[in-house]
Amino acid sequence: MGNQNPLAYDYTVAKWFLWATIAFGIIGMTVGVFIAFQMAFPELNYLFGEYGTFSRLRPLHTNGVAFGFTMSGIFATWYYVGQRVLKVSMAESSFLMAVGKLHFIVYVLTILLAVVTLLSGITTSKEYAELEWPLDLMVTLFWVLWGVSIFGLIGIRRERTLYISIWYYIAAFLAVAMLHVFNNMEVPTYFVAGVGDWYHSVSLYAGTNDALVQWWYGHNAVAFVFTTPIVAMIYYFLPKESGQAVYSYKLSLLSFWGLMFVYLWAGGHHLIYSTVPDWMQTMGSVFSIVLILPSWGSAINMLLTMKGEWEQLQSNPLIKFMVLGSTFYMLSTLEGPIQAIKSVNALAHFTDWIPGHVHDGTLGWVGFMIIAAMYHMTPRLFKKELYSKKLMETQFWLQTMGIVLYFSSMWIAGITQGMMWRATDEFGNLSYSFIDTVTVLHPYYTIRAIGGALYLIGIFIWAYNIYKTMKSGRELEDAEVNVNKSPMAENR
Amino acid sequence: MDLGEIQAYAYFFFTAFLVAVLYGYIFHLYRSEKKGTRDYEKYGQMALDDEVSSKPIEKKEESVDSQKLAKGE
């Protein structure tokens, strides 16, 4: 540590992950919009041979947005928020700096290899865990590096108490480590039985057990990739941007422990009316409903943080993104439990209402929070004023419209589909065949694809705004950077 | 008493226990604030006053070893 220069936070790794977030966001969501149009216009499946079919591209979309866009966003914010709330700079430890850089390199390499293997059709066929065993080992490696970074930075901190966001990052780290290891217990077929290629594997579990482990993993991937680290973000960025301390620290403690206790038991709701024991299905349902309490605890805490400062919702587009994000969190954490009720699930399961629900959460909550976090970080990382406030406003309204079109069309499509599947005539014969539902759903699929396209246009505006900030934003003095509200060009 | 009945009793008492734990925790949080042992709400400032030069809300205590080292023992 040099004594000549005053100590400053080092954002090198945060910057790298910021660029990765934007790049993977564009790739993952472009693929998403393309496959949404394929659902409406199936001819689009034949444009690029085997590489352009829905079945090849769908895992690329889900992996790209979850493990590319979202995870880069989580890491970018960790390397920013972690330093700030612990009041320690990465520049103080050359070891942690090296770990951070290695973390980024192994991570990007893994995701790029994931793109190649998924496009080539190399997959374990387990949803959200499609990567084959060599890539699973690489995931383990960068995850361990992230852990070293988290606990290393905590070890050299100046602030005794860990801020709320840090608990949520730790929870995400520990839970995903456990989920990843147990759901990816797989047998490499070539090395064990001489069958298949060297990278092929089969699950260690069979039948119902495999389904149970898979959905314990699948639902908790939602919990610990799409929820806890995003809650970590909002607990830092909303108070900081608005200049208001969190409404109730005590409520945040209660919500945290509530969420940790309840979330891990809710995965059984994916297997209602399947071959898993009935009590597990009931447990999944009950815990999903209890989950409303801790989720709303955090969301309400965020909305109350804005108490007395609601005029900022009008004047600051970043507050708009975050308040709407937290509102969408409330919506999707109410909608999920409703879908987990057995009688509702009988109607909703396997229908388009499910992707509708997922996208309320991912586009409205995860996407908006990451967009806002990156906007907030940009002026601090590059010491430049955000290029255009008007572009941010345009992006916000385009994307909000996109989300509304997405979920409303999928609600209608899903319930229509569920009702048509179960409809019978007076003799008990099914009233409709499958193709009847396809015909009816066509307009809703088109609306969904248009909604997704609007959101994607917003992502391009976001990327452009950040690029222009870096290239031609006004240079800022230290005093202009060290403020709560993000500096932005008001007239452009 | 058959297995179903045992399960039902276990379920009831477990739920009651968890409710007690939850309310006990809330009670603990408010009581420690009232007795002045802990002021939880001040930690909210950590997100706002977060420059590397800012004074920590509560400074991390130096370990015994590093204190000895500083004193030259």
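In this text the structure is predicted, and so the values were computed from the model without any measurement.

*Asks:* Requested: an account of the overall build of chain B, with residues and values cited.
*Replies:* Along the backbone of chain B there are 2 helices and 0 strands. Within the span of chain B, comprising 73 residues, buried residues form 7% of the whole.

*Asks:* Let's hear about the overall build of chain A: which residues, and what values?
*Replies:* Counting secondary structure elements, chain A contains 18 helices and 2 strands. In terms of C-alpha radius of gyration, chain A reaches 23 Å, essentially the compact-globule figure of 23 Å for 492 residues. Projecting the C-alpha coordinates of chain A onto the three principal axes gives extents of approximately 85 × 55 × 50 Å. Considering chain A as a whole, with its 492 residues, one finds that 49% of them fall into the buried category. Across chain A, contacts joining residues at least 24 apart in sequence account for 82% of those joining residues at least 6 apart.

*Asks:* Which residues make up the environment of A:K307, and what are the values?
*Replies:* By the element assignment, A:K307 lies in the loop between α11 (292-305) and α12 (312-315). Separated by 63 residues in sequence, A:K307 and A:Q244 have C-alpha atoms that sit 8.6 Å apart.

*Asks:* Any details on unusual backbone geometry? Residues and values, ideally.
*Replies:* Residues and elements named next belong to chain A. In the Ramachandran plot, K87 falls in the positive-phi region, its phi being about 55 degrees despite a non-glycine side chain. Within the secondary structure, K87 is located in the loop between α2 (54-86) and α3 (94-119). Positive phi, close to 50 degrees, is recorded for K383, a residue that is not glycine. Mapped onto the elements of the fold, K383 is located in the loop between α15 (353-382) and α16 (389-422). Judged by the 16 C-beta atoms lying within 10 Å of it, K383 falls in the partly exposed class.

*Asks:* Report on the interface of chain B and chain A, specifying residues and quantitative values.
*Replies:* How big an interface is tends to be stated in terms of accessible area lost as the parts join. Tallying the contact residues gives 21 residues for chain B and 25 residues for chain A. Along the lines of polarity and charge, the residues of the side of chain B that touches chain A split into 11 nonpolar, 3 polar and 7 charged.

*Asks:* So what about the packing of helix α8 (residues 228-242) of chain A against helix α13 (residues 317-340) of chain A? Which residues, and what values?
*Replies:* All names here are of chain A. Where α8 meets α13, the axes come as close as 10 Å, and the angle between the chain directions of the two elements is 140 degrees. Here α8 is positioned oblique relative to α13, judged by the angle of their axes. The handedness of the crossing between α8 and α13 comes out as left-handed. When α8 is examined against α13, the residues I234, F237, L238, E241 and S242 are found in contact with a partner set consisting of L318, I319, M322, G325 and S326. Looking at side-chain class alone, the contact of α8 with α13 contains 6 nonpolar, 3 polar and 1 charged residues.

*Asks:* Give a description of the packing of α16(A) against helix α17 (residues 434-472) of chain A that names residues and reports values.
*Replies:* All names here are of chain A. Packing of α16 against α17 leaves a shortest axis separation of 8 Å and a crossing angle of 160 degrees. Between α16 and α17, the crossing angle belongs to the class labelled roughly antiparallel. For the pair α16 and α17, the sense of crossing is left-handed. Looking at the contact of α16 with α17 residue by residue, the class counts come to 22 nonpolar, 12 polar and 2 charged.

*Asks:* Describe the nonpolar core, with residues and values.
*Replies:* Among the nonpolar cores identified, the biggest contains 143 residues, and A:A14, A:F17, A:I234, A:M322, A:M369, A:A372 and A:M374 are the most heavily contacted of them. Setting aside anything within four residues of it in sequence, one finds A:A14 in contact with A:A76, A:Y79, A:Y80, A:M377 and A:L381.

*Asks:* Describe the confidence of the model for chain B, listing the residues and the values that go with them.
*Replies:* Residues of chain B with pLDDT of at least 70 account for 84%, and the chain-wide mean is 87. With pTM at 0.94, the complex prediction returns an ipTM value of 0.86.

*Asks:* Account for the environment of B:Y9, naming residues and giving values.
*Replies:* Residue and element names in this part refer to chain B. Relative to the assigned elements, Y9 resides in helix α1 (residues 3-34). Note on Y9: 10 C-beta atoms within 10 Å, which makes it exposed. Residues Y9 and Y23, 14 residues apart in the sequence, show an inter-C-alpha distance of 21 Å.

*Asks:* I'd like a rundown of the environment of A:M322, residues and numbers included.
*Replies:* All names here are of chain A. By the element assignment, M322 lies in helix α13. Looking at M322, the number of C-beta atoms within 10 Å reads 27, which means it is buried. C-alpha separation for the pair M322 and E130, spaced 192 residues apart in sequence, amounts to 32 Å. With sequence-adjacent residues up to four places away left out, M322 is seen in contact with I234, F237, L238, M369 and A372.

*Asks:* Which residues make up α3(A), and what are the values?
*Replies:* Residue and element names in this part refer to chain A. Taking 1.5 Å per residue as the helical rise, α3 with its 26 residues ought to reach 38 Å, and the 38 Å between its terminal C-alpha atoms agrees with that figure. Buried within α3 we find L96, V99, G100, H103, F104, Y107, T110, I111, A114, T117 and L118. Lining the buried residues of α3 we find α1 (12-40), α2 and α4 (133-155). Positioned one or two residues after α3, G121 has a phi angle of 85 degrees, which is positive.

Thresholds applied
- Residues numbered from 1 in each chain as written.
- Chains lettered and ligands numbered in written order.
- Predicted model: local features only at pLDDT ≥ 70, side-chain atom pairs only at ≥ 80, totals over all residues.
- Helix = DSSP H or I, 4+ residues; strand = E, 2+ residues; numbered from the N terminus.
- Buried ≥ 20, exposed ≤ 12 C-beta atoms within 10 Å, placed from the backbone.
- Rg over C-alpha atoms; globule rule 2.2 N^0.38 Å.
- Contact = placed C-beta atoms within 7 Å.
- Nonpolar A, V, L, I, M, F, W, Y, C, P; charged D, E, K, R; others polar.
- Axes fitted to C-alpha atoms, helices over the stretch in contact; angles between N-to-C directions.
- Parallel < 35°, antiparallel > 145°, perpendicular 65-115°, else oblique.
- Left-handed = near helix turned anticlockwise from the far one by under 90°.
- Core = buried A, V, L, I, M, F, W, Y, C linked by C-beta atoms within 7 Å.
- pLDDT = per-residue confidence, 0-100.
- Expected span 1.5 Å × (residues − 1).

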